[in-house]
Amino acid sequence: MIKAVFFDVDHTLFSHRLNAIPESAKKAIQILQKKGIYVFLATGRHRIEIEQLPMEEITFDGYITLSGQLCLDKNYRILYENSIHPHDIEILRNEFEKKEIPVFFIEENALYTNKHTKELEKVQASVSSEMPPIRELSDNKVYQVTLFTSREEVNKIVSNLIYSKCTGWNAFGSDVISSSGGKAKGIEHMLQHYGIKKEETMAFGDGENDIDMLEYCQIGIAMGNAHEGLKKVANYITEDIDNNGVELALKHFGLIYTPSLVYGGQVIA
């Protein structure tokens, strides 16, 4: 019996074509929660970025943010944290200070960058995100660093890191996190907190950084628009977010039963 469902945000639960969560997905989540099933976000985003998105109609039961590096309950209290090792931060600090490529440093309560570029603006717009402020580095813990350059250049930088790993979410964007982290690790801690078994979980995703999450959960669902590597590890491939993919998958596995009628692009029943 499924007791918890974990959703990636971008192109999984949130449609950037609509700039919203589709009505079919909203209805599906409401049904899950009425049945007593926990609904969590599991995203590479920071809380600041989540709050910029128009998703206030849904109250989630918890948040796995920064690909598992900061796990929060529904009131945004920290349940688990995993910052990047100081050795690797020094190397990444050097990349930040050189200002050759855009670099995001992400702390518990702040997200900032070293420079703005036209290409960065395009990437941020593609995921409905604001441009972060340009500022100097602080001495606070850093939970995620995002490098905006080609994967080849990213691999050169990451090859000098000892305690970190990297995963891509865009052709131009790659996240660096602790090598002991990841969405699966965040889910593990969330399950411990809420007393839920691994066998009682389902996860939805579309990107490379969702692979460990889909492998970890009992049922892993890849969206129709998902990264090919993710589709290979998924238990089920649904439609994309704009074709009611969330609703269809939940119906397929019997978690929701209320049929929906789509007419003129709107769910009316």
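### Thoughts on the packing of helix 1 (residues 23–34) against helix 9 (residues 245–252)
Right, on to step 1. At a minimum axis separation of 7 Å, helix 1 and helix 9 run at an interaxial angle of 40 degrees. Comparing the axis directions of helix 1 and helix 9 gives the class oblique. Between helix 1 and helix 9, the contacting residues are S24, A25, A28 and L32 on the first element and V246, E247 and L250 on the second.
Right, on to step 2. In terms of residue class, the contact of helix 1 with helix 9 is made up of five nonpolar, one polar and one charged.

### As for the side chain of E200
Right, on to step 1. Locating E200 in the fold gives a position in the loop between helix 6 (183–194) and strand 11 (201–205).
Right, on to step 2. Overall, the relative accessible area of 12% leaves E200 in the buried class.
Right, on to step 3. Once residues within four sequence positions are removed from consideration, E200 is found in contact with M1, I2, K3 and A4.

### Regarding the nonpolar core
Right, on to step 1. V5, F7, L41, M202, F204 and L250 are the most contacted members of the largest nonpolar core, which totals 32 residues.
Right, on to step 2. At the level of elements, strand 1 (4–7), helix 1, strand 2 (38–42), strand 11, strand 12 (219–222) and helix 9 are the ones that each hand at least two residues to this core.
Right, on to step 3. For this core, the leading source of residues is helix 1, giving four residues.

### Examining the confidence of the model for the protein
Low pLDDT marks regions whose predicted coordinates should not be analysed in detail.
Right, on to step 1. Across the protein, pLDDT averages 93, with 96% of residues at or above 70.
Right, on to step 2. Below a pLDDT of 50 lies the segment residues 259–269, which in the model reaches 19 contacts outside its immediate sequence neighbourhood of four places, other chains included.

Conventions we followed
- Residues numbered from 1 in each chain as written.
- Predicted model: local features only at pLDDT ≥ 70, side-chain atom pairs only at ≥ 80, totals over all residues.
- Heavy atoms only, no water.
- Axes fitted to C-alpha atoms, helices over the stretch in contact; angles between N-to-C directions.
- Helix = DSSP H or I, 4+ residues; strand = E, 2+ residues; numbered from the N terminus.
- Parallel < 35°, antiparallel > 145°, perpendicular 65-115°, else oblique.
- Contact = heavy atoms within 4.5 Å.
- Nonpolar A, V, L, I, M, F, W, Y, C, P; charged D, E, K, R; others polar.
- Buried < 20%, exposed > 50% of the residue type's maximum accessible area, 1.4 Å probe, protein only.
- Core = buried A, V, L, I, M, F, W, Y, C linked by side-chain atoms within 4.5 Å.
- pLDDT = per-residue confidence, 0-100.

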